[in-house]
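One letter stands for each residue in the lines below.
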Amino acid sequence: MDAETLLSIEDLRLALPDGRVLLDGVSLSLARGEALGVVGESGSGKSLTAMTVMGLLPDVRSSGAVRFRARDLLMQDARAWRRLRGKEIAMIFQDPMTAFLPVRRVGAQIDEQIRLHEKLSRREARARTVRLLGEMGVPDPAAAAERFPHQLSGGLRQRAMIAMALSCAPALLIADEPTTALDVTVQAQILVLLTRLRETGAGLMLITHDMGVVAQACTHVAVLYAGVVVERGPVRAVLDAPLHPYTRALLAAMPPLDGPRPAHLPAIAGQPPAPDARPPGCVFAPRCPQVRPDCAIRPPVVRMGEQEVVCVLYAS
Amino acid sequence: MLRMLAARLGQMVFVLFGISVLVFGVFFATPGADPTARIAGRGASPEVMARVRSAYGFDRPLPVQYARMMEKLFVSRDLTSFVDHGAPVVPEVMAAAPVTLSLVLWASLFWVVFSLAIGIVSAVLRDSWVDRFFMGIGLLGLSMPVFWLGEVVNLVTQSRFHDTWLFSWVPPLGYVPFSESPLGWARALLLPALTLSVAFIGLYARVLRAELLAAMGEDAIRTARAKGAGPARVWLWHGLRLSWLSYVSLFGMDFAQLVGGGALLTEVVFALPGVGRLTYQGLNTLDLPLIMATVMYAAVFVVLANAVIDGVYALLDPRIAEGRHGR
């Protein structure tokens with residue numbers, strides 16, 4: 001692990017108290033100034049991974065390691081978590097309507113986060129809130145801070161959410177589907193904001209199910225399937241030459257940007273495994289078009305150039 | 001704003017008018033409910049009946065009777081009791097109101113403090129033995145009839161154990177005005193107020209616990225924790241803020257109906273000369289003017305409380321002020 005590495009997750013496993021497996025070997029790493037896209041379909045464990053990094057999962061058994069700036073997060077106590085959350089690692093949620101407290105003014109909620117972590121007067125905190133809102137492209141930020149969440153449009157709410165996340169200059173920003181609930185035009189604006197933020201040196205972990213968002217805003221990508229990272233590497237490499245059959249199927253299911261639109265997009269047959277009925281070997285084997293007898297054993301992680309893939313096709 | 005206020009006022013007057021017509025109709029215009037026969041007494045001769053009928057105006061058409069009743073109740077305020085031979089009714093209700101108000105203020109203080117504490121503790125420690133214990137006690141308090149509980153309290157504090165150090169301070173049943181002796185006032189009301197509040201504590205603690213637990217599952221609470229807020233802040237500042245709407249509206253309604261005479265059983269058991277007991281007397285003797293006065297008094301409080309609750313709602317949840325609903 002070099003000095004630039006901000007976050008590294010090593011072989012993270014989560015299980016419910018009753019033994020059902022939620023995450024089964026998630027390994028990721030993220031350096032300063034990088035943007036890591038975590039892609040997968042619903043239920044693949046994207047949000048769970050993010051919640052683990054934030055320490056927001058109460059009743060699960062975890063193993064493996066989550067290292068943030070050389071600290072093992074899974075080992076720290078509640079007080080240390082509280083100092084970390086919002087200050088060093090901040091999070092943006094999918095739906096900014098429900099993520100804000102509906103009964104308090106937006107500005108007051110941002111002030112609160114600032115004052116939780118820094119000794120500032122109300123007035124100083126509000127000045128920073130207004131400045132941040134302005135930087136996020138909110139018109140008339142002082143007036144916007146005095147509004148309630150439901151009085152702002154979806155795009156403005158998400159900008160305010162990002163302003164709140166950035167209010168204590170976190171080293172790592174986790175965005176959990178930040179654009180899913182927004183219009184397409186607003187989506188693009190928010191992605192530009194997030195990309196700019198990365199240039200200031202913070203790390204960004206972007207959780208999405210949209211390969212287009214990854215291509216637009218990320219430097220690296222990790223593909224998650226049923227709680228396992230099946231492939232990861234730089235965005236260009238993965239998008240140009242996907243190695244894992246699941247990644248290929250996922251990319252094939254995207255409509256092409258140019259040329260004639262196909263009448264049918266190829267879909268992946270079958271359903272992801274339920275947490276209590278996981279295949280013992282490769283988790284994708286039941287749906288994989290290239291399944292082989294040796295898929296019944298969990299394949300090892302194989303390094304192919306800049307990419308890492310978990311598949312028997314590449315095991316020598 | 002001014003127009004909204006005027007509309008609200010108009011609504012209130014309309015509701016009060018409706019209630020007064022209804023009550024008047026029930027007691028004066030229902031077949032068989034002949035007020036003349038009640039006043040004249042059993043076995044009165046037709047001559048006496050006729051005299052009473054003309055003296056009280058029962059020989060006039062109903063709308064005129066209604067108008068005269070309302071005029072006497074609200075304008076000249078000299079409506080007199082049928083039973084107590086001419087005692088004016090309105091001063092009687094006005095004299096009883098402070099007693100009821102004192103009792104209900106004390107009781108609401110107890111039930112808000114205790115139900116908040118129990119509700120929050122039970123929600124935080126949900127499914128633990130503490131939670132089960134409190135919810136069990138709450139259910140018990142909820143299901144104990146207040147008149148029975150009051151009699152038991154009286155039995156224990158007034159006779160059985162009155163001479164022990166524990167209850168020797170308990171004054172005899174009745175009311176002491178605040179202006180006469182503040183300490184005596186508080187002592188006379190402590191036990192009645194506690195008795196009255198027991199059922200409300202049980203109910204309110206349960207409601208608060210359920211609402212708080214529902215609120216804690218919301219995204220906004222996850223955001224609060226992601227901001228780095230500690231558990232006390234998350235529960236009390238964010239959680240309560242999301243969950244106390246139904247608590248507040250419940251409180252407004254219960255407070256109003258108790259001030260309006262809903263504490264009748266407690267007042268009767270503890271011999272407090274409040275509005276509830278006055279209503280009870282009126283019903284016992286079918287003293288129509290008295291019933292009319294107490295019911296209208298209660299209606300005024302309930303209608304007022306409704307208006308106040310709506311105002312508080314808009315303060316607590318800005319979405320309601322703009323006519324938007326739902327979280």
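Preceding this section is the structure that the text describes.
Scope of this entry: the structure provided in the associated data block. Note that this is a predicted model, so its numbers are computed, not measured.

### Considerations on helix H12 (residues 275–285) of chain B
Since there are 3.6 residues in each turn of an α-helix, residues three or four apart along the chain are aligned in direction. Residues and elements named next belong to chain B. Of the positions making up H12, those classed as buried are Val 275, Gly 276, Leu 278, Thr 279 and Gly 282. Down the axis of H12, the sector holding all buried residues measures 160°, keeping them to one side. Here the buried face of H12 lies against helix H5 (89–124), helix H10 (231–262), helix H11 (264–269) and helix H13 (288–316). In the stretch just after H12, Leu 286 is the one whose phi turns positive, near 50°.

### Looking at the interface of chain B and chain A
How big an interface is tends to be stated in terms of the accessible area lost upon association of its parts. With 22 residues of chain B at the interface, the matching set in chain A holds 24 residues. In this structure, the connection of chain B to chain A is made through two salt bridges. Between B:Arg233 and A:Glu112 there is a salt bridge whose closest N-O contact spans 2.6 Å. Between chain B and chain A we count 10 residue pairs in polar contact (both at pLDDT 80 or more) in total. Contributing elements (two or more residues each) for the side of chain B that touches chain A: helix H9 (219–226), H10 and helix H14 (318–321) of chain B. Looking at side-chain class alone, the side of chain B that touches chain A contains eight nonpolar, four polar and 10 charged residues.

### A short note on the packing of aromatic side chains
What the rule picks out here adds up to 16 aromatic pairs over all chains. Ring centres 5.1 Å apart and planes at 65° place the aromatic pair A:Tyr246 and A:Phe284 in the edge-to-face group. Taken together, the residues A:Tyr246 in helix H11 (residues 245–252) and A:Phe284 in the loop between H11 and strand E11 (301–304) connect sequence positions 38 residues apart. As far as the burial class goes, A:Tyr246 and A:Phe284 line up, both buried. Where B:Phe200 meets B:Tyr204, the ring centres are 6.3 Å apart and the plane angle is 70°; that geometry is what we call edge-to-face. Taken as a pair, B:Phe200 and B:Tyr204 lie in helix H8 (residues 182–216) at a separation of four residues, close to a single helical turn. With relative accessibility at 12%, the residue B:Phe200 sits in the buried group. For B:Tyr204, a relative accessible area of 0% translates into the label buried. One aromatic cluster in this structure is built from B:Trp111, B:Phe200, B:Tyr204, B:Tyr247, B:Phe251 and B:Phe255.

### Digging into the pattern of salt bridges
All names here are of chain A. In total, this model carries 23 salt bridges over all chains according to the counting rule given. Between Asp 24 and Arg 278 there is a salt bridge, with its nearest N and O atoms 3.4 Å apart. Here Asp 24, found in strand E2 (residues 21–31), pairs with Arg 278, found in the loop between H11 and E11; they are 254 residues apart in sequence, far enough to count as distant. For Asp 24, a relative accessible area of 13% puts it in the buried group. In this structure, Asp 240 engages Arg 236 in a salt bridge whose closest nitrogen and oxygen atoms are separated by 3.9 Å. Placement of both Asp 240 and Arg 236 in helix H10 (residues 235–240) is noted, with a separation of four residues, approximately one turn of the helix. Taken individually, Asp 240 and Arg 236 each receive the classification exposed, so the pair is uniform in this respect.

### Brief notes about the pairing of strand E12 (residues 307–310) of chain A
Residue and element names in this part refer to chain A. Burial along E12 is two-sided: the residues Gln 307 and Val 309 and Glu 308 and Val 310 are all buried. Relative to E12, strand E10 (residues 228–234) runs antiparallel, the two sharing two bridges. When the bridges of E12 are listed, Glu 231 appears paired with Val 309. Examined bridge by bridge, E11 and E12 share four bridges and lie antiparallel to one another. Its bridge partner being in E12, Val 302 is matched across the sheet by Val 309.

Thresholds applied
Each residue is numbered by its place in its chain's sequence as written, counting from 1. For naming, the first written chain is A and the first written ligand is 1, with later ones following in the order written. Totals for whole chains, interfaces and linings use every residue, but because this is a predicted model, local features are given only for residues with pLDDT of at least 70 and side-chain atom pairs only at 80 or more, for both listing and counting. Only hydrogens and water are removed before side-chain values are computed, so all heavy atoms of the structure are retained for them. Throughout, exposure labels follow a simple rule: accessible area from a 1.4 Å probe, protein chains only, divided by the maximum for the residue type, with under 20% read as buried, over 50% as exposed, and the rest as partly exposed. Put simply, DSSP marks the helices as runs of H or I at least four residues long and the strands as runs of E at least two long, and each gets a number from the N terminus on. Here the arc refers to the directions that run from the helix axis out to each C-beta atom. Here a residue-residue contact requires only that any non-hydrogen atoms of the pair lie within 4.5 Å. Whenever Lys or Arg places a side-chain nitrogen within 4 Å of a carboxyl oxygen from Asp or Glu, that contact is recorded as a salt bridge. Distance and chemistry together define a polar contact, namely a pair of N or O atoms within 3.5 Å, with one atom able to donate a hydrogen and the other to accept it when in protein, and with adjacent residues in sequence counting only for side-chain atoms on both sides. Three classes are used, and their members are as follows: Ala, Val, Leu, Ile, Met, Phe, Trp, Tyr, Cys and Pro are nonpolar, Asp, Glu, Lys and Arg are charged, and the others, Gly among them, are polar. Here a Phe, Tyr or Trp ring, Trp counted by its six-membered ring, pairs with any other such ring whose centre lies within 6.5 Å, and the pair is stacked when the planes are under 30 degrees apart, edge-to-face when over 60, and tilted otherwise. When DSSP locates at least two bridges between a pair of strands, those strands are taken to pair.

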